[in-house]
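# Structural description and commentary
Each chain is listed here by its residues.
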Amino acid sequence: MSRDLDENILLTTETIPVVSDMELEIDAAPVRVAPGNYTAECLKVTKVDRREWRRTYWQFRFRLRGIGLENHVILPGFVNIPRKGKVSAYSKLGRWARIIAAYTGGRADRVTMKAFGQFLFTVKVETVTQANSKGDKKPFTLPEAAQYEVVSEVLDIVGRLAPRSSAT
């Protein structure tokens, strides 16, 4: 009986060879900037449907503009889209649209997504420290190396941008 036990121990303590020497190719790590207020332009707005979260949202790509290390850093911004009905005037997207309408003198209840690419904004940048969770899992704190920054709020409009050429 003890001999069988010794053989089992030998089998379980053997070194397992590495199956593959495959390398992972990962996008460049996000450039970190200090949280705060920055000047930024909106480069792109994409509608994203996350079925596993039962959520649809707009993903904005902002490029920070300035004279420091933050110049040309691209950060995402996220705005939920309601499942039914109109966007609330008090939601994040409603606030952002009201800022554009106030600057242009247009209708506060009708702003196109294209309008976001026409202005230079003052934005608030915050660090994401909690991971989103799926289903019944609770959010967890991200380690320092995995944290990143996002545009959490559009605060104001600095000015209107010159129209972009179709080549860019």
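Located above this text is the structure these notes cover.
In this report, we go over the structure that sits alongside the text. Counting from 1, residues in each chain are numbered in the order their sequence is written. With the structure being a predicted model, the display of local features is reserved for residues of pLDDT at least 70 and the display and counting of side-chain atom pairs for 80 or more, all residues being used for whole-chain, interface and lining totals. Values reported for side chains reflect all heavy atoms of the structure, with hydrogen atoms and water molecules removed beforehand.

## Description of the overall build of the chain
Secondary structure elements follow DSSP: runs of H or I of four or more residues count as helices, runs of E of two or more count as strands, with numbering from the N terminus. A tally of helices and strands in the chain yields 2 helices and 7 strands. Every one of the 168 residues in the chain was classed for burial, and the buried ones make up 25%. Whether two residues are in contact is decided by their heavy atoms, any of which lying within 4.5 Å being enough. Sequence-distant contacts in the chain: of pairs separated by 6 or more residues, those separated by 24 or more amount to 57%. We call a residue buried when its accessible area falls under 20% of the maximum for its residue type, exposed when it is over 50%, and partly exposed in between, using a 1.4 Å probe and counting protein chains only.

## Some words on a positive patch on the surface
Residues qualify for a patch when their relative accessible area is over 30% and they have no salt bridge, like charges being joined within 9 Å and the nonpolar side chains of Val, Leu, Ile, Met, Phe, Trp and Tyr within 5 Å. All accessibility values rest on the Shrake-Rupley procedure with a 1.4 Å probe; residue burial counts only the protein chains present in the view. A carboxyl oxygen of Asp or Glu within 4 Å of a side-chain nitrogen of Lys or Arg is what we treat as a salt bridge. By the counting rule applied here, Lys and Arg register as positive and Asp and Glu as negative, while His and the ends of each chain are not counted. For charged residues, the charge sits on one atom: NZ in Lys, CZ in Arg, CG in Asp, CD in Glu. Side chains of Arg54, Arg55, Arg83 and Lys84 sit close together on the surface and give a patch of like positive charge. Inspection of the secondary structure assignment puts Arg55 in strand E2 (residues 55-65). On the accessibility criterion, Arg55 (37% relative accessible area) is partly exposed.

## As for the packing of aromatic side chains
Only Phe, Tyr and Trp rings take part, Trp by its six-membered ring, and two of them pair if their centres are within 6.5 Å. Stacked means planes under 30 degrees apart, edge-to-face means over 60, and tilted covers everything else. Under the counting rule described, the total for this entry stands at 9 aromatic pairs. Among the aromatic residues, those joined into a cluster by ring pairs are Phe60, Phe62, Trp96, Tyr103, Phe116, Phe119 and Phe121.

## A look at the nonpolar core
One broad trend across soluble globular proteins is that nonpolar side chains are buried collectively. We define a nonpolar core as any set of buried Ala, Val, Leu, Ile, Met, Phe, Trp, Tyr and Cys residues linked to one another through side-chain atoms lying within 4.5 Å. Among the nonpolar cores identified, the biggest contains 24 residues, and Phe60, Phe62, Leu64, Phe116, Phe121, Val123 and Val125 are the most heavily contacted of them. The set of elements that each furnish at least two residues to this core consists of strand E1 (36-50), E2, strand E3 (74-81), helix H2 (92-104), strand E4 (119-128) and strand E7 (148-160).

## Some details on the pairing of E2
Across 11 bridges, E1 lies against E2 in antiparallel orientation. Bridge pairing in E2 places Thr46 opposite Gln59. Following DSSP output, two strands are said to pair if at least two bridges run between them. Pairing analysis gives 8 bridges linking E2 to E3, with the strands arranged antiparallel. Following the sheet pairing, Arg63 is matched in E3 by Ile74.

## A look at the environment of Asn80
When you line up the elements, Asn80 lands in strand E3. Once you skip the residues sitting within four places of it in the chain, Asn80 turns out to touch Arg55, Thr56 and Tyr57.

## Points about the pairing of E4
Both E1 and E4 contribute to a ladder of 6 bridges, which runs antiparallel. Of the residues in E4, the one forming a bridge with Glu41 is Leu120. As paired elements, E4 and E7 share 10 bridges and run antiparallel to each other. Looking across to E7, one finds that Val128 is bridged to Tyr148.

It is worth stressing that arrangement in space is one thing and function is another; only the former is reported here.
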